[in-house]
Amino acid sequence: MSTSDSWGRFPRVEQRTRALTWRSDALPQVDGPVLPHGLGRSYGDSCLNGGGTVLLTAGLDRLIDFDPTTGVVRCESGVSLDTLLRLAVPRGWFLPVTPGTKFVTVGGAIANDVHGKNHHRVGTFGRHVRRFELVRSDGSRRMCSPDENPDWFGATIGGLGLTGLVTWAEVQLTPIRNPFVIQETVPFENLDGFMRVSAESEADSEFTVSWVDCLARGRKLGRGLFYRGNFAPTQFDRLPLAKSHLSHRSGLAVPIDLPGFCLNRLSVSAFNFLYYHRERMKPSPRLVHYDPFFYPLDSVYGWNRIYGRRGFLQFQCVVPHATARDALKELLERSARGGLPSFLSVLKTFGDLPSPGWLSFPRPGYTLALDFANQGEKTWKLVESLDRVTREAGGAVYPAKDARMSPESFAAYFPKREQFSAYIDPAFSSSFWRRVNPVPLPLPAQEDRQAALQ
């Protein structure tokens, strides 16, 4: 066994690894539970399998088919979103949904049903998956789509890799004219200002997201910068940078773990002040390449090292519109006065398009993401208090970013978990699943279970 962690660098677990090479192969026979593992960009333990084995899917990296006239791509589950972009963008296509990093696999995007800056328009990644093959530990192979084995389709999208191994998937891309985005930056003075700008932007802007100054308080609580954008029209097709996605790199890196004292209230407050005033002075609207617009953190290699060796905990929640104002106000106030400044704070809107995934995180409302350096008990108490606010507001917390959710919270956030449990492969498990389900969930009646698994 070797020691492994996720992008948040907490927790660290002992687990075995087995590399996968061919999608036609049977799953390897090992002692203990297994779990598919892509590029490890989950922040908590949903991609970890302490005491068990992770099946490394990076070897399943082949493009199978691409139709440049329809934008339908079929690829193995270990193909990264970065690879898809390199294929698709020069041919006039883009990912229908992308998270804040392109260094995740297609299988990981399905397992976590990722969302992006355009959720209010197109929903989650799972809505654009046409079909995939699911291999189970008993050797069976299922073709899953909205029409074929739809229950397995719904259980696997957002199913955290627990229903089996997705060997390949077919995804519908979205057309673009060029790789540029017309971006506008709109400062807002407080939480009410964010909600007003967000409501005004949804009709005309395909992509929306905001950075929030987590230390602002009083009348400026929730102040920040609202970014909105659309892909550029045809007159920008022939600009010299039209294919710069092939070489767009900043060369920046965090080569070492920074000391824990670097992220303190004073340093984060200074950064927030400078960032807020610098960004609001930039010309708006302006033309930007898609890479810095969608993936600003990807330009800094190893950015998770800024939190030090102990890593960080991200808290990402969604709260419904009806309770959002009071809940977000309380979340931001607790974060501001907690003595643990969030270095990266993001606020955006989720739309009402439902996901096909039973355990999918996005739902209508506002989603807030806060990053806290792991300072032990102090950090845990703060994040647990944010969790209570979320539960009381009728919201939910994102499993892909979680390292400390309680079983009670998971049950409240994901009411379909018992229905989902019937579709878990008996050989598959994860550190996250065992943490939020310390007692095995009751299975459906035998005849119902057999019918469900047919």
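Residues numbered from 1 in each chain as written. Predicted model: local features only at pLDDT ≥ 70, side-chain atom pairs only at ≥ 80, totals over all residues. Heavy atoms only, no water.

1. Considerations on the nonpolar core
One recurring pattern in soluble globular proteins: nonpolar side chains tend to sit buried together. Inclusion rule: For this analysis, a nonpolar core means a set of buried residues of the types Ala, Val, Leu, Ile, Met, Phe, Trp, Tyr and Cys, connected via side-chain atoms within 4.5 Å. Throughout this description, buried means an accessible area under 20% of the type-specific maximum (1.4 Å probe, protein chains only), exposed means over 50%, and partly exposed covers the range between.
Residues Phe94, Phe132, Tyr290, Phe294 and Leu328 are the most contacted members of the largest nonpolar core, which totals 94 residues. The next biggest cluster of nonpolar side chains, apart from the first, holds 13 residues, and it includes Tyr43, Cys214, Tyr307 and Ala373.

2. Things to note about the UniProt feature "domain: FAD-binding PCMH-type" (unreviewed entry) in the chain
Note the cut-off: UniProt positions are given in the numbering used here, feature names are shortened, and annotations may be inferred rather than shown by experiment. Segments assigned H or I by DSSP are reported as helices when at least four residues long, segments assigned E as strands when at least two residues long, and all are numbered from the N terminus.
The residues that UniProt annotates with the feature "domain: FAD-binding PCMH-type" (unreviewed entry) are residues 1-176. Annotated as 14% helix and 29% strand, the span residues 1-176 places its first and last C-alpha atoms 46 Å apart.

3. Observations regarding the packing of helix α5 (residues 191-201) against helix α8 (residues 321-337)
The cut-off we apply is this: Axis lines are fitted to C-alpha atoms, over the contacting stretch for helices. Their N-to-C directions set the angle, which ranges from 0 to 180 degrees. Should an angle fall under 35 degrees it is called roughly parallel, over 145 degrees roughly antiparallel, and 65 to 115 degrees roughly perpendicular, with every other angle called oblique. Left-handed describes a crossing whose near helix is turned anticlockwise from the far helix through less than a right angle; right-handed describes the clockwise counterpart. Only heavy atoms matter for contacts: two residues are in contact if any of them lie within 4.5 Å across the pair. Think of it as three bins: nonpolar holds Ala, Val, Leu, Ile, Met, Phe, Trp, Tyr, Cys and Pro, charged holds Asp, Glu, Lys and Arg, and polar takes everything else, Gly as well.
At their nearest, the axes of α5 and α8 sit 11 Å apart, and the two run at 135° to each other. Comparing the axis directions of α5 and α8 gives the class oblique. Seen from above, α5 lies across α8 with right-handed handedness. Residue-level contacts link Leu191, Asp192 and Met195 of α5 to Ala324, Arg325, Leu328, Lys329 and Leu332 of α8. Grouping the constituent residues of the contact of α5 with α8 by class yields five nonpolar, no polar and three charged.

4. A look at the packing of α8 against helix α9 (residues 377-392)
At their nearest, the axes of α8 and α9 sit 10 Å apart, and the two run at 175° to each other. On the basis of the axis angle, α8 is roughly antiparallel to α9. Where α8 approaches α9, its residues Ala327, Glu330, Leu331 and Arg334 are matched on the opposing element by Leu382, Ser385, Leu386, Arg388, Val389 and Thr390.

5. Digging into the pattern of salt bridges
Between side chains of opposite charge, a pair can form when the charged atoms approach closely. Put simply, the rule is: For salt bridges, the criterion is a side-chain nitrogen of Lys or Arg within 4 Å of an Asp or Glu carboxyl oxygen.
Within the structure shown, the criterion is met by 23 salt bridges. For glutamate 170, the salt bridge is made with arginine 130, and the minimal N-O distance between the two is 2.9 Å. You can see glutamate 170 sitting in strand β10 (residues 165-172) and its partner arginine 130 sitting in strand β8 (residues 129-135), a full 40 residues away along the chain. Its relative accessible area of 5% is what places glutamate 170 among the buried residues. Among the residues examined, arginine 130 registers a relative accessible area of 40% and is labelled partly exposed. The salt bridge involving aspartate 387 is made with arginine 404; its shortest N-O contact spans 3.7 Å. Residue aspartate 387 is found in helix α9, and its partner arginine 404 is found in the loop between β21 (396-397) and α10 (407-413); the two are separated by 17 residues along the sequence.

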